[in-house]
Amino acid sequence: MKKLLFIAGARPNFMKIAPVIRAAKMTKMFRSVIVHTGQHYDDNMSKVFFKDLNIPKPDYFLGAGGGSHAGQTARIILHSEKILRRENPDLVIVVGDVNSTMAGAITAKKLGLKLAHIEAGLRSFDMSMPEEINRIVTDSVADIFFVTEKSGIKNLKAEGRKPNRMYLAGNVMIDSMFYALDKLKKRLHSRPNFDTAELKDKLGEYVYLTMHRPSNVDNRKKLVRLVKILARVAKIFPVIYPVHPRAGKSLKAFGLKLPPGIHAVEPLPYMESLFLWKDARAVITDSGGLQEETTVLHKPCFTLRNNTERPVTVESGTNILVRDSEINALPDMILRVKKGHIKKGNVPYRWDGRASLRILEVLKTFSHSKS
Ligand code: UD1
């Protein structure tokens, strides 16, 4: 049996490794080892995702979370090196674009191990985003690239990566979403016991908001402006806002109170988040994954960013970028949704819930031609 070693550490990583680990198990050809870097460590940022998505308990937990990006990256490299040496896997797999992705990639390659990157090739062309640095570094050392959209292939080619190592496999986030939707449907046959179920019922119609990027929450002036605009949105539809620890820390540090109409809740488990946003009138976000998920469920999505590394969601999906210069128009955009003017979208190629199966088909052949 070939050994696959997954390195994951932050919330969006867990949704991406889950379906691949499941598919690997089904083949009976691979054994999976999971290294959790501990980048995210609160139960509601980590443990609940393992439970919702049936991810096996990690084999290793590095406890490398918190602190500066450099400190976090350094700790992950230092701690994972020992494990990678000991495990000597046939292939290391990293996913997405968080610090754990980049740190895991560097460690694997410095040890001469083969490396696959799932969600390779995405580029925002904005080097002020920590994730853009992580994407570029990871793809500069990876051996196999699993790509979610055509722009990824184009970007990798432009950076000189070998086309015969690129696979437009689809989107593993969407595999997880379909898996969770199915589970949710079954669960909702019995009474939903989510903490937010009552709030959802009470509000009826609402907008779902996630906002945690440094570019939106780290700067006082920007966050004050956003909160004012969101207060206007909340007069059109009430807003449910699960507050990420980074955003929570900023709101507190800047002494900002959320206006009435914005219902702040704790960061939510994957299923509970899906339970809320799938029935929202619209989603406002700065997350990467939600831009993709909303596109597949044809949900209006307004992305509070100047750019996106996921252009297919704007070009053919329901995503609309709301740049800094356009942010005052956000309440009008939500008003248009209320009046029924909704952007029509198409589901991108291979975002069908089967990406992880395609990835495993590739890995079967790769494992035989390792050298
Ligand atoms: C990270 C990712 C980002 C992703 C986000 C999803 C990077 C560069 N960024 O950002 O791409 O969208 O995760 O959530 O990797 N914290 C807690 N408890 C936790 C986790 C974090 O209190 O369980 C605190 C940390 O101590 C830190 C802050 O939240 O002060 C930010 O955490 P960090 O992992 O550095 O980055 P995120 O903003 O979560």
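The present account deals with the structure reproduced in this document. Keep in mind the model is a prediction, meaning the values are calculated, not measured.

**Considerations on the overall build of the chain**
Helix and strand counts for the chain come out as 16 helices and 13 strands. Relative to the 2.2 N^0.38 estimate, which gives 21 Å for 371 residues, the radius of gyration of the chain is 20 Å and therefore close to what a compact globule would have. Counting only C-alpha atoms and orienting by the principal axes, one finds that the chain spans roughly 60 × 40 × 40 Å. For the chain, buried positions account for 58% of its 371 residues. In the chain, of all internal contacts separated by at least 6 residues, the share reaching a separation of at least 24 is 70%. Distance between charge centres in the chain, computed from 61 positive and 36 negative side chains, equals 1 Å.

**A few points about the site of the ligand**
The local shell around the ligand holds 21 residues, among which Gln 39, His 40, Tyr 41, Glu 131 and Arg 246 are the closest. Between the ligand and Asp 42 there is a distance of 2.8 Å, counted from an oxygen atom to a backbone nitrogen or oxygen. Residue Arg 246 places a side-chain N or O atom 2.7 Å away from an oxygen atom belonging to the ligand. The protein chains hide 91% of the 740 Å² of surface that the ligand would expose on its own.

**What to know about the pattern of salt bridges**
As enumerated under the stated definition, the model contains 23 salt bridges in all. With its nearest N and O atoms 2.7 Å apart, the salt bridge here joins Lys 3 to Glu 87. Of this pair, Lys 3 sits in strand β1 (residues 2-8) while Glu 87 is found in helix α3 (residues 69-87), placing the two residues 84 residues apart along the sequence. Overall, Lys 3 belongs to the buried group, its relative accessible area being 15%. Residue classification places Glu 87 among the buried residues on the basis of a relative accessible area of 13%. Taking the shortest distance from any N to any O, the salt bridge between Glu 309 and Arg 135 comes out at 3.3 Å. Taken together, the positions of Glu 309 in the loop between β12 (301-303) and α14 (312-315) and Arg 135 in helix α5 (residues 130-141) put the pair 174 residues apart, joining distant regions of the chain. The same class applies to Glu 309 as to Arg 135, namely buried.

**A word on the sheet that holds β12**
The strand order β10-β9-β8-β11-β12-β13 describes an open sheet built from 6 strands, whose pairing is parallel. Only two strands of the sheet have a single neighbouring strand rather than two, namely β10 (262-265) and β13 (319-321). With strand direction ignored, the average angle separating the axes of adjacent strands in the sheet is 20 degrees. Sheet topology places strand β9 (residues 239-242) next to β10; 4 bridges connect them, and they run parallel. Bridged to Tyr 241 within β10 is Ala 264.

**Topic: helix α1 (residues 11-27)**
In the structure, α1 departs most strongly from a straight axis at Ile 17, where the bend amounts to approximately 25 degrees and where the proline Pro 19 lies between one and four residues downstream. Along α1, 13 of the 17 residues are buried, which leaves the element largely enclosed by surrounding structure. Positive backbone phi, approximately 60 degrees, marks Lys 28, located one or two places after α1.

Reading the values: the criteria
Residues numbered from 1 in each chain as written. Predicted model: local features only at pLDDT ≥ 70, side-chain atom pairs only at ≥ 80, totals over all residues. Heavy atoms only, no water. Helix = DSSP H or I, 4+ residues; strand = E, 2+ residues; numbered from the N terminus. Rg over C-alpha atoms; globule rule 2.2 N^0.38 Å. Buried < 20%, exposed > 50% of the residue type's maximum accessible area, 1.4 Å probe, protein only. Contact = heavy atoms within 4.5 Å. Lys, Arg positive; Asp, Glu negative; His and termini not counted. Charge placed at Lys NZ, Arg CZ, Asp CG, Glu CD. Near = heavy atom within 4 Å. Polar contact = N/O pair within 3.5 Å; in protein donor to acceptor, adjacent residues only side chain to side chain. Areas by Shrake-Rupley, 256 points an atom, 1.4 Å probe, with all protein chains shown as cover. Salt bridge = Lys/Arg side-chain N within 4 Å of Asp/Glu carboxyl O. Pairing = 2+ DSSP bridges. Axes fitted to C-alpha atoms, helices over the stretch in contact; angles between N-to-C directions. Bend = angle between axes of the 7 residues up to and from the residue.

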